[in-house]
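Take a look at the letters that make up each chain.
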Amino acid sequence: MLPERHYDTIVMGAGPAGLTAGIYLSRARLKTLILGNGTVGGQMVLTHEIANYPGVEAVSGYQLANIMKKQAKSFGCDIRGNTTLSNLEFADKVKSITLANGGTYTSDALILSPGGRSRTLNVPGEDRYKGRGISYCATCDGDFFTGKEIMVVGGGNSALEEAVSLTRYARKVTIIHQFDQFQAYRHAIVEARINPRIKFIMESTIVEFYGNDNLEGVLVKNLKTGNVERHNTDGTFIFIGYVPNTEFLTGLVEMNEKGEILVSPQMETNVTGVFAAGDSIAKKYRQVTTAVSDGTIAALAAAEYINNIRQKFRQQIIS
């Protein structure tokens, strides 16, 4: 007899990939549980505005996450946020997940979608001033810097788009980027370039944060000349990419040197019955739409896997 806490599929991660997987699996009448270790919606909820999600007008990441959550629940999906993992076993046919509160859940299939977290500069003063002038979320903290001068670190789409959104609050935004060109889509670059409140410091990087109780300034090194200059600032937002949240999977599934989960085109890992999706897998592009695509494929593949198990079981009974 399987325990009452047994599910057809457990999804580890409640970002767009995990929520999409939950929608598809639950709609297919498969008993599904989504476990998230933070706010449901993942990194998506930190995005000020999502304007390129097909079929949906400009919406905040928080709003889109709530829509996905409601959809999944409407089909019967169980969702638990702010959970902490204690033990994970999935080498056997039945996968087992134990949480820190002692609750244990089992499933026939498992989808890993733990997502990622903001990459840090890892320079002196960064840890000290996190939450006291240093932020990794424009949506969360932009309002605190109304009328102030701030800096944005990064040169990709997130950095430029969030810099533009921050001009709604700050009177001046300075973008610091280590290269002489941006690694972003042309529309994002143009929008940042034409904004009168945005200034640029190229081929440079922050090497130290300083202040008293709160951040007061940064040391910026020109990577071409080696010169280091002091710049006063009321705040700094860092958008230099993400690190996959896969440390807990070390030795359990195959990953590359970056800690990204290796999957097949069907989102299969090297472990039977275990699939993966979203920003934690090895891939080139990371967008909400690509995460949704991954979650869809992983859910369909997991459903097929479970149906094959049931079919083999029925055949054994008949024979």
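Residues numbered from 1 in each chain as written. Predicted model: local features only at pLDDT ≥ 70, side-chain atom pairs only at ≥ 80, totals over all residues. Heavy atoms only, no water.

Enquirer: Account for the sheet that holds strand E14 (residues 228-232), naming residues and giving values.
Expert: In space, the 3 strands of this open sheet follow the order E12-E13-E14, with antiparallel pairing throughout. Every interior strand has two partners, whereas the edge strands, strand E12 (204-211) and E14, have only one. Ignoring strand direction, the axes of neighbouring strands in this sheet form an average angle of 30°. Relative to strand E13 (residues 215-222), E12 runs antiparallel, the two being bridged by 7 bridges. Within E13, the residue paired with Gly 211 across the bridge is Leu 215. (Pairing = 2+ DSSP bridges. Helix = DSSP H or I, 4+ residues; strand = E, 2+ residues; numbered from the N terminus. Axes fitted to C-alpha atoms, helices over the stretch in contact; angles between N-to-C directions.)

Enquirer: Requested: an account of the nonpolar core, with residues and values cited.
Expert: Most often, soluble globular proteins have nonpolar side chains that are buried together. If you look at the biggest cluster of nonpolar residues, it comprises 55 residues, and the most contacted ones within it are Ile 10, Leu 110 and Leu 112. Every element with two or more residues in this core is listed here: strand E1 (6-12), helix H1 (16-27), strand E2 (32-35), helix H2 (61-74), strand E5 (95-99), strand E6 (104-112), strand E17 (274-276) and helix H6 (288-318). It is H6 that provides the largest number of residues to this core, a total of 10 residues. Beyond its immediate chain neighbours, meaning those up to four positions away, Leu 110 contacts Ile 10, Met 12, Leu 88, Phe 90, Lys 95, Ile 97, Gly 273, Val 274 and Phe 275. Ranked by size, the runner-up nonpolar core spans 20 residues in total, among them Val 173, Ala 184, Ala 192 and Phe 239. (Core = buried A, V, L, I, M, F, W, Y, C linked by side-chain atoms within 4.5 Å. Buried < 20%, exposed > 50% of the residue type's maximum accessible area, 1.4 Å probe, protein only. Contact = heavy atoms within 4.5 Å.)

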